[in-house]
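# Structure assessment
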Number of protein chains: 2
Amino acid sequence: MKAERLSLNQITVDQCSLPETVAACVELGIGSVALWRHKVAETGLAETAKLLQDSGLRVSSLCRGGMFPAVDSADSRRRADDNRRAVDEAAELGADVLVLVCGPAPDRDLARARRQVTEGIAELLPYAQANGVRLGVEPLHPMMISARSVVVTLAQANDIVEAFDSPWLGVVIDAYHVWWDPELAEQLRRATGRIVGFHVSDWLQDTPDVVYGRGLMGEGMIDLPGLAAAVEAAGWTGPVEVEILNKQIWTRDPSELLAEIRQRFVDHV
Amino acid sequence: MKAERLSLNQITVDQCSLPETVAACVELGIGSVALWRHKVAETGLAETAKLLQDSGLRVSSLCRGGMFPAVDSADSRRRADDNRRAVDEAAELGADVLVLVCGPAPDRDLARARRQVTEGIAELLPYAQANGVRLGVEPLHPMMISARSVVVTLAQANDIVEAFDSPWLGVVIDAYHVWWDPELAEQLRRATGRIVGFHVSDWLQDTPDVVYGRGLMGEGMIDLPGLAAAVEAAGWTGPVEVEILNKQIWTRDPSELLAEIRQRFVDHV
């Protein structure tokens, strides 16, 4: 894929502070960046917004809101408050989309947790719209169900997004999370016009870790060009985030790593 | 669940030889056992068959046939030969079912690998029927797609089994592999009358390993009683295998471990 589409998700260089990541993007001619809230908080929200404005970088997404399923009503209120803060931050940073990682179930009742996700989005969506922030439901890989998300298939995310039928709510496609799905082609077609983000990395044949074991594009098993073509056919022509959670690459020299990532993006996506 | 339904999958006590496992089952009053081919081979097929006959144990399954996707036609022939040997072994052991772990893709073409699975079953099924061996397609967790199986959902397994519509081919439900699936209830109903095996273990909140990190029943996140009720409603009243791949429990004293497993089976399934 053309390098112009590349957005660097900052978690890929977790060894860097936010100012270091911004500087590296500018130096390498990467035009977009995706931010994580805990990294923004380290630098400060206003300082981050100023840094980005000065840099001219586009913010393709902010990660993350969501985490809806709660143990009780007080917990639910805390989560709703935090989600409104996430919307505020996305608005201040001018992020294209606030990514929703929907959260795990607090107990063994998956059906109830899934209902809480829909209820949480229903509560948040008007606030997001009022603040001009688009929300993106990201289905996560089923191996992350107990720690991060009860939304584990694109079909589920499509069900949610179709039910609201709002221009302020779409789906985020992450290659690592969806590539295994036998229904992928069909569900991507179904998502046409509702895709609000696309993330790439690779699935290593022997995954060393459930969370922190992603590969660089081209190192693994995912047909990234095929997936990228299907996502584009479904209408997504915006930034493509490289988002790699991998403890090994976090020990590498960031400049050298980013140069390799840029080349792999061109060669393997 | 009543202890009478318990079948011990021998991989749960991988620290034991096959004769040790058989002896432990007899001692604890466990009536069924599930075997793995590499463990049978260690003891010898004829010797294993004799041991089992003498013990009075039922063999709920033999693991495994499958691994269909091949890199070329010679590889495909080798795999077909091995699958016929697996059928022969299942017949000699009197196993209720030969479990099919369908295999990973040899490259990035998942669609082609999935076609090879169907073609492989089509080739094997008449041989299985001729030898009185039932085959069971076991969908594996999507995190095992690159190492073990391109069949990752019960919907997919149901598609395959319905297409053949044979009493000699059914689906095997393993709680660990299917519990995350938003379509699970619907696909279990669809599988009514075609379930040929049911395996239990648990999903730990923080999975320590992609393959060898299963929990004991009741330690984790799966609603096992709810799943067991749905599987029974779909017609399965046969043995329920406890199949736990976990490097930590393989260091434990087998007698003490099996006593705990028996109690957890009664309390948590």
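The structure we're discussing is the one just above.
Residues numbered from 1 in each chain as written. Chains lettered and ligands numbered in written order. Predicted model: local features only at pLDDT ≥ 70, side-chain atom pairs only at ≥ 80, totals over all residues.

## Some thoughts on the relation of the copies chain B and chain A
- For the pair chain B and chain A, the relating rotation is 180°, the translation along its axis is 0.0 Å, and the fit reaches an RMSD of 0.0 Å. Seen this way, the second copy is the image of the first under a two-fold rotation axis.
- The fraction of interface residues of chain B whose copies in chain A are also interface residues reaches 100%, indicating that both copies meet through the same surface. (Least-squares fit on C-alpha atoms with pLDDT ≥ 70 in both. Contact = placed C-beta atoms within 7 Å.)

## Points about the sheet that holds strand β5 (residues 135-137) of chain B
All names here are of chain B.
- Read around the closed barrel, eight strands run β1-β2-β3-β4-β5-β6-β7-β8, paired in parallel fashion. In this sheet, adjacent strand axes meet at a mean angle of 30° when their direction is disregarded.
- Sheet topology note: the strand β6 (residues 169-174)/strand β7 (residues 195-200) ladder contains four bridges and is parallel. Within β7, the position partnered with D174 by the bridge is H199.
- Lying over the sheet, helix α4 (residues 73-93) contacts β2 (32-36), β3 (58-66) and β4 (98-101), oriented at roughly 175° with respect to β3. (Pairing = 2+ DSSP bridges. Helix = DSSP H or I, 4+ residues; strand = E, 2+ residues; numbered from the N terminus. Axes fitted to C-alpha atoms, helices over the stretch in contact; angles between N-to-C directions.)

## Regarding α4 of chain B
Residues and elements named next belong to chain B.
- Between the first and last C-alpha of α4 there are 30 Å, a value that for 21 residues agrees with the 30 Å anticipated at 1.5 Å per step.
- For α4, every residue scored as buried is listed here: R79, N83, A86, V87, E89, A90 and L93. Axial view of α4: buried residues confined to an arc of 165°, hence all on one face. With respect to the buried face of α4, the exposed residues turned more than 90 degrees away are S73, A74, R77, R78 and D81.
- For α4, the secondary structure elements touched by its buried residues are β2, α2 (37-43), α3 (45-55), β3, β4 and α5 (110-130).
- Directly after α4, the chain includes G94, whose backbone phi takes a positive value near 65°. (Expected span 1.5 Å × (residues − 1). Buried ≥ 20, exposed ≤ 12 C-beta atoms within 10 Å, placed from the backbone. Arc of directions from axis to C-beta.)

## Description of the interface of chain B and chain A
- On the side of chain A, 20 residues touch chain B, which itself brings 20 residues to the contact.
- The residue inventory of the side of chain B that touches chain A, partitioned by class, reads 11 nonpolar, six polar and three charged. (Nonpolar A, V, L, I, M, F, W, Y, C, P; charged D, E, K, R; others polar.)

## Describing the pairing of strand β6 (residues 169-174) of chain A
- Within β6 of chain A, six of the six residues are buried, which leaves the element mostly enclosed by the surrounding structure.
- Following the backbone out of strand β5 (residues 135-137) of chain A, through helix α6 (residues 154-164) of chain A and into the adjacent parallel β6 of chain A, one traces a crossover that is right-handed. (Right-handed = clockwise from strand over helix to strand, strands pointing away.)

## So, unusual backbone geometry
- Geometrically, the link from C63 of chain A to R64 of chain A is a cis peptide bond, its omega value of 10° lying close to zero.
- With respect to the helices and strands, R64 of chain A occurs in strand β3 (residues 58-66).
- Even without being a glycine, D165 of chain A presents a positive backbone phi close to 50°.
- Looking at where D165 of chain A falls in the secondary structure, it is placed in the loop between α6 and β6.
- For D165 of chain A, a count of 8 C-beta atoms within 10 Å corresponds to the exposed category.
- Even without glycine at this site, M67 of chain B takes up a positive phi of about 50°.

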